[in-house]
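Survey of secondary and tertiary structure
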Amino acid sequence: MKLGLIGYPIGHSLSPWIHRRLMAHADINGSYNLYEIHPDTFSDQLAELKQEGLTGFNVTVPYKEKIIPFLDGMDSEAAAIGAVNTVRNENGQWIGSNTDGTGFVQSLQIAYPDIFQSDCSVLLIGAGGAAKGIYFALANGGITEIDIANRSRDKAEGIVDIGPSHVRSRILSLTEAEEHINSYQLVVHTTVVGMNPHHENQIFAPTRLASNTVVSDIVYRPLETRFLQEAKQKGARIHYGHEMLLHQAIYSFYTWTGHKLDGRTLSQELEQYLKGETSC
Ligand code: ATR
């Protein structure tokens, strides 16, 4: 089985490590290679890649949207989001999907199933590509109230405009979100704020957070962001970024192999890996 990742630059990607572990857990022989494609040669290199007959591949920055004209088909969620992070080869046809949001929801369902069993009100912070995928996946998971707080209002409006009609959403400024954070059962931070090397930053201090709120941050470097640390001190239940990272990979792997792997052991392995306690 030949798998891989396209993007630019991709030297620090964790995907090879994760997918090699997934292959080992599934007892599959195969390879997962990096295809670092320079934007100037994107079309030519994609044509070459098609000749390689990969079983499937992941797509990362800056090609999640640019890949779309080169596909032969797309799953409905990826089409709605307008971004693809996973391509599978179906008899020579490239079919795109997006596992980011589904991976987020699956990891959340494992950690905090109660979120999906009650009327849960969600605050989504950020309105980029990741937020869009999470918004759709939460909606598909039955959540009906998802407010979006973003620095710029227009991007948040863009998500609500194309979102499923059964979801009620208000758009908030970051200041309003900080003030009203105690009205939500789930808070999901999706911006890059707080990512290494700027781990001293946070989007805002979660001072008004109610205890027992589930707080998630999709940033996984550092493993525990300042936002999560402060939320934890307020009594929040924490959901880590590396769980989403792992579960989007597990779901991509499932689309390629049909193997649905249990993420529990792998989650601990990934956590250790990120802490630098194990080596490749
Ligand atoms: P991704 O695809 O990883 O989600 P993106 O599409 O570039 O990345 O989106 C980045 C998100 O982080 C956006 O919501 C962005 O806010 P704007 O829409 O106003 O640009 C948010 N973001 C990035 N840097 C930020 C900062 N310093 N403060 C607040 N929000 C920030």
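To start, this report covers the structure provided alongside it. (Residues numbered from 1 in each chain as written. Predicted model: local features only at pLDDT ≥ 70, side-chain atom pairs only at ≥ 80, totals over all residues. Heavy atoms only, no water.)

Time to look at the pattern of salt bridges. Following the criterion strictly, the structure yields 14 salt bridges and no others. Note that glutamate 145 and arginine 168 form a salt bridge whose closest N and O atoms lie 3.3 Å from each other. Of the two residues, glutamate 145 sits in strand E8 (residues 145-149) while arginine 168 sits in the loop between helix H6 (153-162) and strand E9 (171-172), which places them 23 residues apart along the sequence. Overall, glutamate 145 belongs to the partly exposed group, its relative accessible area being 26%. Between aspartate 147 and arginine 170 there is a salt bridge; the shortest N-O distance is 2.8 Å. Placement of the pair is aspartate 147 in strand E8 and arginine 170 in the loop between H6 and E9, with a sequence separation of 23 residues. On the accessibility criterion, aspartate 147 (2% relative accessible area) is buried. (Salt bridge = Lys/Arg side-chain N within 4 Å of Asp/Glu carboxyl O. Helix = DSSP H or I, 4+ residues; strand = E, 2+ residues; numbered from the N terminus. Buried < 20%, exposed > 50% of the residue type's maximum accessible area, 1.4 Å probe, protein only.)

For the ligand, the set of nearby residues contains 13 residues, the closest of which are Ala127, Ala130, Asn150, Arg151 and Ser152. Within the backbone of glycine 129, one N or O atom sits 3.2 Å away from an oxygen atom of the ligand. In this structure, alanine 130 approaches the ligand through a main-chain N or O atom, which is 3.0 Å from an oxygen atom. In isolation the ligand has 650 Å² of accessible area, and contact with the protein removes 65% of it. (Near = heavy atom within 4 Å. Polar contact = N/O pair within 3.5 Å; in protein donor to acceptor, adjacent residues only side chain to side chain. Areas by Shrake-Rupley, 256 points an atom, 1.4 Å probe, with all protein chains shown as cover.)

We now examine the sheet that holds strand E10 (residues 186-189). Spatially, E9-E8-E7-E10-E11-E12 is the arrangement adopted by the six strands of the open sheet, whose pairing is parallel. In the strand order of this sheet, the two ends are held by E9 and strand E12 (237-239), each with one partner. Sheet topology places strand E11 (residues 214-217) next to E12; three bridges connect them, and they run parallel. Bridging from a neighbouring strand, valine 214 pairs with arginine 237 of E12. (Pairing = 2+ DSSP bridges.)

We now examine the side chain of threonine 99. Structurally, threonine 99 can be placed in the loop between strand E6 (93-97) and helix H4 (100-111). Sequence-distant contacts of threonine 99, defined by excluding residues within four places in its chain, comprise Asn85, Thr86, Gln248, Tyr251 and Ser252. (Contact = heavy atoms within 4.5 Å.)

One pass over the structure, following the stated rule, counts seven aromatic pairs. For the pair phenylalanine 57 and tryptophan 94, a centre-to-centre distance of 4.9 Å together with 70 degrees between the ring planes defines the contact as edge-to-face. With phenylalanine 57 in strand E3 (residues 56-59) and tryptophan 94 in strand E6, this pair connects stretches of sequence that are 37 residues apart. A relative accessible area of 1% places phenylalanine 57 in the buried class. Given a relative accessible area of 5%, tryptophan 94 falls into the buried group. Between phenylalanine 204 and phenylalanine 227 the ring centres are 5.9 Å apart and the planes differ by 90 degrees, which places this aromatic pair in the edge-to-face class. Remark: phenylalanine 227 occurs in helix H8 (residues 226-233) and phenylalanine 204 occurs in the loop between E10 and E11; sequence separation between them is 23 residues. For phenylalanine 204, a relative accessible area of 5% puts it in the buried group. With relative accessibility at 3%, the residue phenylalanine 227 sits in the buried group. Clustering of aromatic rings is evident, with ring pairs tying together Phe42, Tyr63 and Phe70. Directly above the ring of tryptophan 94 sits lysine 50, whose terminal nitrogen or CZ lies 4.9 Å from the centroid. Over the ring of tyrosine 254 we find lysine 260, and its NZ or CZ is 4.8 Å from the ring centre. (Phe/Tyr/Trp six-rings, centres within 6.5 Å; stacked < 30°, edge-to-face > 60°. Lys NZ or Arg CZ within 6 Å of the ring centre and 35° of its normal.)

By themselves, these figures tell us nothing about what the structure is for.
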